[in-house]
Amino acid sequence: MQTQTGALLHQAHMTTIEALQSLEEYLGANRKTPAVDELAGRRLKQLSAILRSEVESHFGFEENHLFKVFIEQGETGIVTMLTHEHRSILPLALQVADLAAAAAQSGFTDATWSEFKDAGAELVEREIFHIQKEEMGLLSAISALVDPEADAELAEVYRREVG
Ligand SMILES: [Fe+2]
Ligand SMILES: [Fe+2]
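It should be emphasised that the depicted structure is a prediction, and the values quoted were computed from it without experimental measurement.

### Overview of the coordination of the iron ion (ligand 2)
Step number 1: Taken together, the protein donors to the iron ion (ligand 2) comprise E62 (OE), H86 (NE2), H130 (NE2) and E134 (OE), at separations of 2.0 to 2.2 Å.
Step number 2: If you look at the iron ion (ligand 2), its four donor atoms make angles of 85 to 175° with each other, and the shape they trace is irregular.
Step number 3: Ordering the donors of the iron ion (ligand 2) by residue number gives the pattern E-x23-H-x43-H-x3-E.
Step number 4: Between the iron ion (ligand 2) and the iron ion (ligand 1), a separation of 3.3 Å is found, and both are coordinated by E62. Of the two residues, H130 and E134 are both situated in helix α4 (residues 110-145); the distance of four residues between them amounts to about one turn of the helix. The two residues H130 and E134 agree in class, both being buried.

Encoded structure:
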């Protein structure tokens, strides 16, 4: 059984996975520092916005609202594990988002491209792994632990705070 909250998280996960996959393609397609044309600039800007929203609003919702419900029910193991992963993804995602936004404005130098490439590849790996884990474990845990009333409230909070 799918919950409203689970459906909203799932939607955001799919958007992020898509963005990470196109980041991976972009990194793989450019062995040397690429010129940033208008289309690439738009994509980098979009990537930056998706990454920021994922690690600021989406992670924030999970930690400040959803995980609280889990902790109240004594489900601390999954919360500790996922929160730990958020801590390791967040600074990396912001670094990639900042580099992408800067490159959208004024292109890459060899140094910023190399930084972007390394941080981006690491981010793709960590975040896809994290999302896969949530898709496998978290969504069914929500169905099991969150009653319909609490689900409707959480979904409302998500729409308000994350969009
Ligand atoms: Fe998530
Ligand atoms: Fe998460």
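### Overview of the side chain of E127
Step number 1: Its place among the elements puts E127 in helix α4.
Step number 2: Although buried, E127 forms no salt bridge, and the nearest oppositely charged side chain, R126, lies 9.5 Å from it.

### Description of the environment of W113
Step number 1: Relative to the assigned elements, W113 resides in helix α4.
Step number 2: Owing to a relative accessible area of 3%, W113 belongs among the buried residues under this scheme.
Step number 3: Between the alpha carbons of W113 and A100 there is a distance of 9.5 Å; along the sequence they are 13 residues apart.
Step number 4: If we skip the residues at most four places from it in the chain, W113 touches Y26, L27, N30, R31, K32, T33, P34 and F108.

### Overview of α4
Step number 1: The end-to-end C-alpha distance of α4, which contains 36 residues, comes to 49 Å, matching closely the 52 Å that a straight helix rising 1.5 Å per residue would cover.
Step number 2: Along its length, α4 shows its largest kink, about 40°, at E135.

### Some points on the packing of helix α1 (residues 4-29) against α4
Step number 1: One way to put it is that α1 packs onto α4 with a least axis distance of 9 Å and a crossing angle of 155°. The orientation of α1 relative to α4 falls into the category roughly antiparallel. Regarding α1 and α4, the two cross each other, and that crossing is left-handed.
Step number 2: Among the residues forming the contact of α1 with α4, the class breakdown is 17 nonpolar, five polar and five charged.

### Notes on the nonpolar core
Step number 1: F116 and L123 are the most contacted members of the largest nonpolar core, which has 30 residues in total.
Step number 2: Of all the elements in the fold, those that place two or more residues in this core are α1, α2 (38-72), α3 (76-106) and α4.
Step number 3: Per-element accounting of this core gives the leading share, nine residues, to α3.
Step number 4: Setting aside residues no more than four positions away along its own chain, F116 makes contact with L23, Y26, L27, L44, L47, V96, L99, A100 and F108.

### Focus: the pattern of salt bridges
Step number 1: All chains considered together, the criterion is met by six salt bridges.
Step number 2: A salt bridge links K133 to E85; the nearest nitrogen and oxygen atoms lie 2.2 Å apart. Here the residue K133 occupies a position in helix α4, and E85 occupies one in helix α3, the gap between them amounting to 48 residues.
Step number 3: Look at E85 and you get buried, because its relative accessible area is 11%.
Step number 4: A single network of salt bridges, built from pairs that share partners, joins R52, E56 and D98.

Reading guide: rules and limits
Residues numbered from 1 in each chain as written. Chains lettered and ligands numbered in written order. Predicted model: local features only at pLDDT ≥ 70, side-chain atom pairs only at ≥ 80, totals over all residues. Heavy atoms only, no water. Donors = N, O, S within 2.8 Å, 3.2 Å for Na, K, Ca; no water. Tetrahedral: all angles 85-135°; square planar, octahedral: opposite > 155°, others 65-115°. Helix = DSSP H or I, 4+ residues; strand = E, 2+ residues; numbered from the N terminus. Buried < 20%, exposed > 50% of the residue type's maximum accessible area, 1.4 Å probe, protein only. Lys, Arg positive; Asp, Glu negative; His and termini not counted. Salt bridge = Lys/Arg side-chain N within 4 Å of Asp/Glu carboxyl O. Contact = heavy atoms within 4.5 Å. Expected span 1.5 Å × (residues − 1). Bend = angle between axes of the 7 residues up to and from the residue. Axes fitted to C-alpha atoms, helices over the stretch in contact; angles between N-to-C directions. Parallel < 35°, antiparallel > 145°, perpendicular 65-115°, else oblique. Left-handed = near helix turned anticlockwise from the far one by under 90°. Nonpolar A, V, L, I, M, F, W, Y, C, P; charged D, E, K, R; others polar. Core = buried A, V, L, I, M, F, W, Y, C linked by side-chain atoms within 4.5 Å.

By themselves, these observations are geometric and do not establish any function.
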